[in-house]
Amino acid sequence: MAESLGDLVRTHYCGELRPEHVGQTVTLMGWAATRRDLGGVIFIDLRDREGICQVVARPEVSQTAHDAADDVRTEYVLAVVGEVAKRSEDTVNPALPTGAVEVEVKEIRVLNEARTPVFPIEDDVDTSEEIRLKYRYLDLRRPKMLENMRLRHRVTMEIRRHMDEQGFLDVETPILAKSTPEGARDYLVPSRVHHGSFYALPQSPQLFKQLLMISGFDKYYQIPRCFRDEDLRADRQPEFTQVDVEVSFAREETIYDLMEPLFQRLVRLLGVEVTRPFPRMEYSEAMERYGTDKPDLRFGMPITDVSDEMATLGLLTFPDLIKDGARARAFALPASGGVSGMRLRKINEEVWLGRILPDARASKRNLFTLKATEEAVAGLGKKGASEDVARRMLEKAGAEKDDVLLVGVDQPEPVAMAMGILRLAMGRELKLIDEKAYRFLWVTGFPLVEFDKNEKRWASLHHPFTSPVPEDLPLLDSDPGKARARAYDLVLNGTEIGGGSIRIHDSALQARIFKLLSISDQEARNRFGFFLDALQHGTPPHGGIALGLDRIVSILAGEDSIREVIAFPKTASATDLMTEAPSTVSDAQLGDLGIMAVRK
RNA sequence: GGGGUGGUAGUUCAGUCUGGUUAGAACGCCGGCCUGUCACGUCGGAGGUCGCGGGUUCGAGUCCCGUCCACCCCGCCA
């Protein structure tokens, strides 16, 4: 039976007891992590937020406490009063920070009983995520999850300190906002007062923060929740947290100079130093050399175009190359890797079949390998290929002796992407990635717009308020796809952790961009009328950035999924397994909102 | 919307390819013994809609069809 807390007051956390406390009578409150009943003496590992300490119940110290300990079960909530005692030399547990001491219990109160936990409250449990999410409150008892949430707290505190020191104002913006046509699908909230009208949950506070610049707030930041109703991934949740920043009279360097010291502070939380300035790379170079707009710079193996060489090599096994426009792209696997041909083919097949060409028209012909040895080159020569060209190709890709050159052949887009993925896969396979490294990279020079083949119109790559690079303005009419944006992404270890831009502050240019995006005056007025008006009321040049807090914390925590750093995340199908949201609601609730549900 | 992996005891898994007595293991749980354990030990015990529905078969955890759920990826995510 549960007992009352009474007048007991906690004096210490379990995890903080040390030899210096020996002799003190302490009162601990916590959960019974394990119980070891040796018949006469009973040990209980008591766990709280700060750690675990061993509690020992001996009948000769207190028979009632021993009797109470006898009834304790895993995860019972206990109040323990006892004296901190030094453990004898041979019973010290070096695995515990509190292992040099234990608490000789005088009184145990069972504050609450507990059902047997459905899974053990330990790190390194490989319990299915489904079960973990259903019983998330138990999952969060695991030390690793607690540590992740604590790290998240420290990160947000550090961000707030930095932004405050830099003179930024934290301003809250609406959660019930207006739907905008561009971008992700909105989460909608029906209006009870205005039947048939809807608020949208913000995808980001984009327009509000720009309006704050127009208001003269000069430096704004916020750590808001954002919502996007799109399909999910390991690094994407329907609701996620941004660090949202906007600065007046800013150019790119203003943002870099603000962000780089911030990230220096954040990795310093882990005892890591990174140097400034962070490297920068043009988008075109990132695509060219890494096959992605978010290169992982923790390892090498940059990709090179060897189309000319492959075309003149004299091997007829790559007919795709002869077809219109196919390209050959290559990188050199280090000789030390020692990856088997079989394994390589399997990985390549997964990359090409699984990701790039799901309709399975790929074959082994998509990948050509050449070992950087004279024998291999001579072997090619025997098949009628040009040895000179083979050598030139090896050299061009920077292959050293005994390296293995991987050459992918396909249409430009698939091959660039495939080789980017293959590079990453091989980097992981060969353990070339330094897991302790934090490699930041600014990627700049993104295209302003890209052609949407489905909608047959130009669409913003970033968002429609992004300023074009001034010297590219003429291209807006002649060749919009070539115009670059004043946008920048911040990449950490191959993950995009933030992105931003210098904004358009001129209403005429903004109108011109809307026109380019085939957003009619009428539509622009409907959707952004308030904003276009605002732009005409003295808008300072401004720019900003939005950081993905969940992703940042997950990388710092060494986790592969942002769900590991979110207390109550949702599944890949956007449900909450614990609360079972979303759920149906009563017809009365719907009636209030003027809504009729159409069920599938 | 598409591709992949998985779903068997409270938990993690084996068994499925090649259908055949009573579906196993470990941990956990329950009970006994045990006064220095910390993965306590030891003896005993309980515990299963094999995700769900249908089909094939003398017989289905196993084969077939459908469906649901979780995870990863593509599309999507300004």
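Residues numbered from 1 in each chain as written. Chains lettered and ligands numbered in written order. Predicted model: local features only at pLDDT ≥ 70, side-chain atom pairs only at ≥ 80, totals over all residues. Heavy atoms only, no water.

A. Up close: the overall build of chain A. A tally of helices and strands in chain A yields 18 helices and 22 strands. By principal-axis analysis of the C-alpha atoms, chain A measures approximately 90 × 75 × 55 Å. Looking at chain A as a whole, 48% of its 600 residues are labelled buried. Each charge sign in chain A was given a centre, from 79 positive and 95 negative side chains, and these centres are 3 Å apart. (Helix = DSSP H or I, 4+ residues; strand = E, 2+ residues; numbered from the N terminus. Buried < 20%, exposed > 50% of the residue type's maximum accessible area, 1.4 Å probe, protein only. Lys, Arg positive; Asp, Glu negative; His and termini not counted. Charge placed at Lys NZ, Arg CZ, Asp CG, Glu CD.)

B. The arrangement of the pairing of strand S16 (residues 404-410) in detail. Extensive coverage of S16 is indicated by the burial of six of its seven residues. Pairing of strand S14 (residues 327-333) with S16, which is carried by seven bridges, proceeds in the antiparallel orientation. By the bridge assignment, Phe331 is partnered in S16 with Leu406. Alignment of strand S15 (residues 367-371) against S16, held across five bridges, turns out to be antiparallel. Bridge assignment links Phe368 to a residue of S16, and that residue is Val407. (Pairing = 2+ DSSP bridges.)

C. Broad picture of the sheet that holds strand S13 (residues 304-305). Read from one edge of the open sheet, four strands run S13-S14-S16-S15, paired in antiparallel fashion. One side of each edge strand has no neighbouring strand; the edge strands of this open sheet are S13 and S15.

D. Structural context of the pattern of salt bridges. For the structure shown, the criterion picks out 50 salt bridges. Linking Arg152 and Asp550 is a salt bridge whose minimum nitrogen-to-oxygen distance equals 2.9 Å. Residue Arg152 is located in helix H4 (residues 143-165), and its partner Asp550 is located in helix H17 (residues 549-557); the two are separated by 398 residues in the primary sequence. Accessibility classification places Arg152 together with Asp550 in one group, the buried group. In this structure, Asp170 and Arg160 form a salt bridge, with 2.8 Å as the shortest nitrogen-oxygen distance. Taken together, the residues span a long stretch of sequence, with Asp170 in strand S6 (residues 169-170) and Arg160 in helix H4 at a distance of 10 residues. Connected through shared salt-bridge partners, Arg132, Arg136, Asp139, Arg142 and Glu564 make up one network. (Salt bridge = Lys/Arg side-chain N within 4 Å of Asp/Glu carboxyl O.)

E. Molecular detail of unusual backbone geometry. Here the residue pair Arg276 and Pro277 is connected by a cis peptide bond, since its omega of -10° sits within 30 degrees of zero. By the secondary structure assignment, Pro277 is in the loop between helix H6 (252-268) and strand S12 (280-282). Across the junction of Ala581 and Pro582, the peptide omega takes the value 0°, indicating a cis bond. Position of Pro582 among the secondary structure elements: in the loop between H17 and helix H18 (587-593). Located in the positive-phi region is Phe249, a residue other than glycine, with phi close to 60°.

F. Main features of H17. Buried residues dominate H17, accounting for nine of its nine residues. Turning to H17, its buried residues are Leu549, Asp550, Arg551, Ile552, Val553, Ser554, Ile555, Leu556 and Ala557. Elements in contact with the buried residues of H17: H4, strand S11 (239-248), H6, strand S20 (487-492), strand S21 (495-502) and strand S22 (542-548). Downstream of H17 by a residue or two, Gly558 has a phi angle that is positive, lying close to 75°. (Contact = heavy atoms within 4.5 Å.)

G. Structural view of the nonpolar core. Counting 40 residues, the largest nonpolar core has Val245, Met259, Phe263 and Phe440 as the members making the most contacts within it. At the level of secondary structure, the elements contributing two or more residues to this core comprise H4, S11, H6, strand S17 (440-444), S20, S21, S22 and H17. Broken down by element, the residue count for this core peaks at eight residues, all from H6. Discounting residues that sit within four places of it in the chain, Met259 has contacts with Val245, Trp442, Ile545 and Leu547. In this structure, Met281, Val443, Phe514 and Leu532 belong to the second largest nonpolar core, which totals 31 residues. (Core = buried A, V, L, I, M, F, W, Y, C linked by side-chain atoms within 4.5 Å.)

H. Quick look at helix H12 (residues 387-396). Taken together, the buried positions of H12 are occupied by Val389, Ala390, Met393 and Leu394. On an axial view of H12, the arc spanned by its buried residues comes to 140°, and they lie on one face. Exposed residues pointing more than 90 degrees away from the buried face of H12 are listed as Asp388 and Glu395. Next to the buried residues of H12 lie helix H8 (307-312), S15, helix H11 (374-382) and S16. Positive backbone phi, at 70°, marks Gly398, one or two positions downstream of H12. (Arc of directions from axis to C-beta.)

I. Structural context of the sheet that holds strand S3 (residues 51-57). Strands sit in the order S1-S2-S3-S5-S4 around a closed barrel of five strands; the barrel is mixed. Across this sheet, the average inter-strand angle for adjacent strands is 55°, counted without regard to direction. (Axes fitted to C-alpha atoms, helices over the stretch in contact; angles between N-to-C directions.)

J. A look at the packing of helix H5 (residues 206-214) against helix H16 (residues 521-535). The geometry of H5 relative to H16 is characterised by a closest axis approach of 10 Å and an angle of 25° between their N-to-C directions. With respect to each other, H5 and H16 are oriented roughly parallel. For the pair H5 and H16, the crossing hand works out as left-handed. Taking contact as the criterion, the partners of Leu207, Gln210, Leu211 and Ile214 in H5 are, on H16, Phe528, Phe530, Phe531, Ala534 and Leu535. Among the residues making up the contact of H5 with H16, the classes are represented as eight nonpolar, one polar and no charged. (Parallel < 35°, antiparallel > 145°, perpendicular 65-115°, else oblique. Left-handed = near helix turned anticlockwise from the far one by under 90°. Nonpolar A, V, L, I, M, F, W, Y, C, P; charged D, E, K, R; others polar.)

K. Structural detail: the protein's contact with RNA strand B. Taken together, 48 residues form the shell around RNA strand B, and within it Asp37, Thr91, Glu102, Ser460 and His462 come nearest. The sugar and phosphate moieties of RNA strand B supply 55% of its atoms located within 4 Å of the protein. Arg563 has a polar side-chain atom sitting 2.8 Å from a phosphate oxygen of RNA strand B. Between a phosphate oxygen of RNA strand B and a main-chain N or O atom of Ala572, the distance comes to 2.7 Å. Contributing elements (two or more residues each) for the surface near RNA strand B: strand S1 (25-37) and helix H2 (129-134). The biggest single contributor to the surface near RNA strand B is H2, with three residues. (Near = heavy atom within 4 Å. Polar contact = N/O pair within 3.5 Å; in protein donor to acceptor, adjacent residues only side chain to side chain.)

L. Quick look at the packing of helix H15 (residues 507-516) against H16. One can describe the packing of H15 onto H16 by two numbers: an axis separation of 10 Å at closest approach and a directional angle of 160°. As the angle between them shows, H15 and H16 are arranged roughly antiparallel. Of the two possible hands of crossing, H15 and H16 adopt the one that is right-handed. Contact residues: H15 offers Ser507, Gln510 and Phe514, while H16 offers Ala524, Phe528, Phe531, Leu532 and Leu535.

M. Quick look at empty space enclosed by the protein. Going through the model one piece at a time under the given rule, you end up with one cavity of 30 Å³ or more. Size it by volume and the largest cavity reaches roughly 40 Å³. What lines the largest cavity is Leu133, Arg136, Phe568, Pro569, Asp576 and Met578. (1 Å grid on protein atoms, 1.4 Å probe; cavity = no way out; pocket = protein on both sides within 12 Å on 5 of 7 lines; lining within 4 Å. Points joined across faces, edges and corners; volume = space filled by probe spheres on them.)

N. Just the packing of aromatic side chains, in detail. Throughout the structure, instances matching the rule amount to 12 aromatic pairs. A centroid spacing of 6.3 Å and a plane angle of 80° characterise the contact between Tyr135 and Tyr137, whose relative ring orientation is edge-to-face. Both rings, one in Tyr256 and one in Tyr488, keep their centres 5.6 Å apart while their planes meet at 80°; by these two values the pair is edge-to-face. Of the two residues, Tyr256 is situated in helix H6 and Tyr488 in strand S20; the sequence distance between them amounts to 232 residues. For the residue pair Tyr256 and Tyr488, the accessibility class agrees, reading buried in each case. Linked through ring pairs, Phe465, Phe514, Phe528 and Phe531 together constitute an aromatic cluster. Taking NZ or CZ as reference, Arg423 lies 4.0 Å from the ring centre of Phe299, over its face. (Phe/Tyr/Trp six-rings, centres within 6.5 Å; stacked < 30°, edge-to-face > 60°. Lys NZ or Arg CZ within 6 Å of the ring centre and 35° of its normal.)

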